[in-house]
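Letter by letter, the chains look like this.
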Amino acid sequence: AKLYSDEKTAASIKKGDRLAVVVECGSATEKRYLLADRCYIQGQAVSIEECEVEITAFDSFFLSVRSVIDDSLRNALGDGDEYGLASSILVGDQTSISAELKEAFRKTGASHYLSISGLHFSLIVLACYFVVLRTTSSSKAACIVSLIVIFLYMPIPSFTPPVVRSAFISVFLFITRLLKLKSD
């Protein structure tokens, strides 16, 4: 997301700041189109004011974890599209993806890969499961560690609907494996 403003205001705003923005939106049809395209706000800011937002210790902790992951990705990959893509997939931050790369994904019909989805979530959890399974040879330990990873990872991309949906299904999968339930 980009916020265009005068130089004084722009200089005082940094990534992670929370702002109260009053926006004048268009028609209801336009709003539905924007929401379907994962654009939650579009319009011209009438006023920008600092606001006090109470951040719980829970939120603060996971924002810090998200920041550490993002910084580690930036250090390992640099500031290019590789970093932007990895950051988008792992922590849900698409702001570092170049317009050209976004357009290329859009033209090929693959723009959904730029957001955290069930596929990405499942790959992370299954990688954890197989690493623990291979190192311990215990399906029970692998399931328990995977359940812990599920609950620790969900807050990092801010409980987005695809992540919560995938977590819900994954929890049932691992619980059925722990209880040794058979499918029909």
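Everything discussed here concerns the structure shown above.
Residues numbered from 1 in each chain as written. Predicted model: local features only at pLDDT ≥ 70, side-chain atom pairs only at ≥ 80, totals over all residues. Heavy atoms only, no water.

S.K.: Mind showing me how you'd approach the overall build of the chain here?
M.R.: Check the secondary structure of the chain and you find 8 helices and 2 strands. A total of 184 residues make up the chain; the buried ones form 24% of that total. When contacts within the chain are restricted to residue pairs at least 6 apart in sequence, long-range pairs at least 24 apart make up 54% of them. Here the chain displays about 12900 Å² of accessible surface, and carbon together with sulfur accounts for 60% of that area. (Helix = DSSP H or I, 4+ residues; strand = E, 2+ residues; numbered from the N terminus. Buried < 20%, exposed > 50% of the residue type's maximum accessible area, 1.4 Å probe, protein only. Contact = heavy atoms within 4.5 Å. Areas by Shrake-Rupley, 256 points an atom, 1.4 Å probe, with all protein chains shown as cover.)

S.K.: What is the right way to look at the packing of helix 6 (residues 118–136) against helix 8 (residues 161–178) in this model?
M.R.: A pair of packed helices can be characterised by two numbers: the angle between their axes and the separation between those axes. Packing of helix 6 against helix 8 brings their axes to within 9 Å, and their N-to-C directions diverge by 35 degrees. Note on packing geometry: the crossing formed by helix 6 with helix 8 is right-handed. When helix 6 is examined against helix 8, the residues Gly118, Phe121, Val125 and Tyr129 are found in contact with a partner set consisting of Pro162, Val163, Ser166, Ala167, Ser170, Phe174 and Arg177. The residue inventory of the contact of helix 6 with helix 8, partitioned by class, reads 7 nonpolar, 3 polar and 1 charged. (Axes fitted to C-alpha atoms, helices over the stretch in contact; angles between N-to-C directions. Left-handed = near helix turned anticlockwise from the far one by under 90°. Nonpolar A, V, L, I, M, F, W, Y, C, P; charged D, E, K, R; others polar.)

S.K.: Can you walk me through the nonpolar core in this structure?
M.R.: Proteins that are soluble and globular tend to have nonpolar side chains buried together. With 19 residues, the main nonpolar core has Phe121, Ile150 and Phe174 as its most contacted residues. When contributions to this core are tallied by element, the ones reaching two or more residues are helix 6, helix 7 (139–153) and helix 8. For Phe174, the contacting residues outside a window of four places in its chain are Val125, Tyr129, Cys143, Ser146, Leu147 and Ile150. Counting 5 residues, the second-largest nonpolar core is a separate cluster that includes Ile97, Leu101, Phe105 and Leu114. (Core = buried A, V, L, I, M, F, W, Y, C linked by side-chain atoms within 4.5 Å.)

S.K.: Is there a simple way to think about unusual backbone geometry in this case?
M.R.: Among all residues save glycine, negative phi is the norm, and among peptide bonds the norm is trans. The phi dihedral of Ser137 is positive, around 60 degrees, even though this residue is not glycine. On the secondary structure map, Ser137 appears in the loop between helix 6 and helix 7. Given the relative accessible area of 64%, Ser137 is considered exposed. Notably, Lys180 is not glycine yet its phi reads approximately 55 degrees, a positive angle. Inspection of the secondary structure puts Lys180 in the segment after helix 8.

S.K.: How do you make sense of the packing of aromatic side chains when you look at a structure like this?
M.R.: Each aromatic ring pair is specified by the distance between its two centres and by the angle formed by the two planes. All told, the structure shown has 7 aromatic pairs when counted by the stated rule. Both rings, one in Tyr129 and one in Phe174, keep their centres 5.5 Å apart while their planes meet at 35 degrees; by these two values the pair is tilted. With Tyr129 in helix 6 and Phe174 in helix 8, the pair connects residues that are 45 residues apart, well separated along the chain. Across the pair, exposure class does not vary: Tyr129 and Phe174 are buried alike. With a centroid separation of 4.9 Å and 80 degrees between ring planes, the pair formed by Phe168 and Phe172 is classed as edge-to-face. (Phe/Tyr/Trp six-rings, centres within 6.5 Å; stacked < 30°, edge-to-face > 60°.)

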